[in-house]
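Chain residues, written in single-letter form:
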Amino acid sequence: LDEIFAGVFDGMTYEEIAVKCPEAYKNRKKNKLTYRYPRGESYLDLIKRVEQVMLHMQRHKDPVVIVAHQAVLRVIYTYFMGLNRKEATRIPIPLNTVIKLTPYAYHTKEERFVLHEMENAGSGVDAPSH
């Protein structure tokens, strides 16, 4: 499942976008859910794109493994945890971690398994995700 498409900003860091196009940077920071990258996608577009996959996953009886980029994982996590879609832009999805979601009738159980501790976790050293 492909990451949210950043359009003309594809391959750039947030810092590069802030320098080259401060107005776009400011608009996206103001509302990540509805902001659509020029010639790209918004989180709402991503939700629509991933929606059919999520519905298909719900019908499976066997475990499903999803390997995807962070924005996609945020959308899927938000959906299965029953959160408001506005929260999809803020859900922390740590690198090198398996998140196991087990749906039940009235809730979803979450377990996290860290595969590799990162030395610079949370320091801002990693490139930001969409």
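These figures come from a predicted structure and were not determined experimentally.

So, how was this worked out
- Residues numbered from 1 in each chain as written.
- Predicted model: local features only at pLDDT ≥ 70, side-chain atom pairs only at ≥ 80, totals over all residues.
- Heavy atoms only, no water.
- Core = buried A, V, L, I, M, F, W, Y, C linked by side-chain atoms within 4.5 Å.
- Buried < 20%, exposed > 50% of the residue type's maximum accessible area, 1.4 Å probe, protein only.
- Helix = DSSP H or I, 4+ residues; strand = E, 2+ residues; numbered from the N terminus.
- Contact = heavy atoms within 4.5 Å.
- Pairing = 2+ DSSP bridges.
- Axes fitted to C-alpha atoms, helices over the stretch in contact; angles between N-to-C directions.
- Parallel < 35°, antiparallel > 145°, perpendicular 65-115°, else oblique.
- Left-handed = near helix turned anticlockwise from the far one by under 90°.
- Nonpolar A, V, L, I, M, F, W, Y, C, P; charged D, E, K, R; others polar.
- Salt bridge = Lys/Arg side-chain N within 4 Å of Asp/Glu carboxyl O.

A. Here's a closer look at the nonpolar core. In terms of nonpolar packing, the biggest core is built from 14 residues, with Tyr43, Leu46, Val50, Met54, Val75 and Ile76 touching the most fellow members. Those elements that place two or more of their residues in this core are helix H3 (43-59) and helix H4 (70-80). For this core, the element with the most residues is H3, which contributes six residues. Valine 50 has contacts with Val72, Val75 and Ile76, leaving out every residue within four places of it along the chain. Core analysis: the next-biggest nonpolar cluster, separate from the first, contains eight residues, Ala6, Phe9, Met12 and Tyr35 among them.

B. Structural context of the pairing of strand S1 (residues 97-103). Strand direction decides the pairing type here: S1 and strand S2 (residues 108-114), joined by seven bridges, are antiparallel. Note on S2: the bridge partner recorded for threonine 97 is valine 114. In textbook terms, the turn of a hairpin is the stretch between consecutive antiparallel strands, and for S1 and S2 this stretch comprises four residues.

C. Quick look at the packing of H3 against H4. Where H3 meets H4, the closest approach of the two axes is 9 Å, and the angle between their N-to-C directions is 55 degrees. With respect to each other, H3 and H4 are oriented oblique. Where H3 crosses over H4, the two elements pack in a sense that is right-handed. In this structure, H3 contributes Tyr43, Leu46, Ile47, Val50, Met54, Leu55, Met57 and Gln58 to the contact, and H4 contributes Ala71, Val72, Arg74, Val75, Ile76, Tyr79 and Phe80. The residue inventory of the contact of H3 with H4, partitioned by class, reads 13 nonpolar, one polar and one charged.

D. Broad picture of the pattern of salt bridges. Under the counting rule described, the total for this entry stands at six salt bridges. For arginine 49, the salt bridge is made with glutamate 41, and the minimal N-O distance between the two is 2.9 Å. Taking relative accessible area as the criterion, arginine 49 reaches 35% and is therefore assigned partly exposed. Put simply, arginine 112 and glutamate 110 hold a salt bridge, and the shortest N to O gap is 2.4 Å. Shared partners join several salt bridges into a network, and the residues in it are Lys100, Lys109 and Glu111.

E. Region of interest: H4. Among the 11 residues that make up H4, nine are buried, leaving the element largely enclosed by the rest of the structure. If you check which residues of H4 are buried, you get Gln70, Ala71, Val72, Arg74, Val75, Ile76, Tyr77, Thr78 and Phe80. Taken from the residues just after H4, glycine 82 is the one with a positive phi, measuring 70 degrees.

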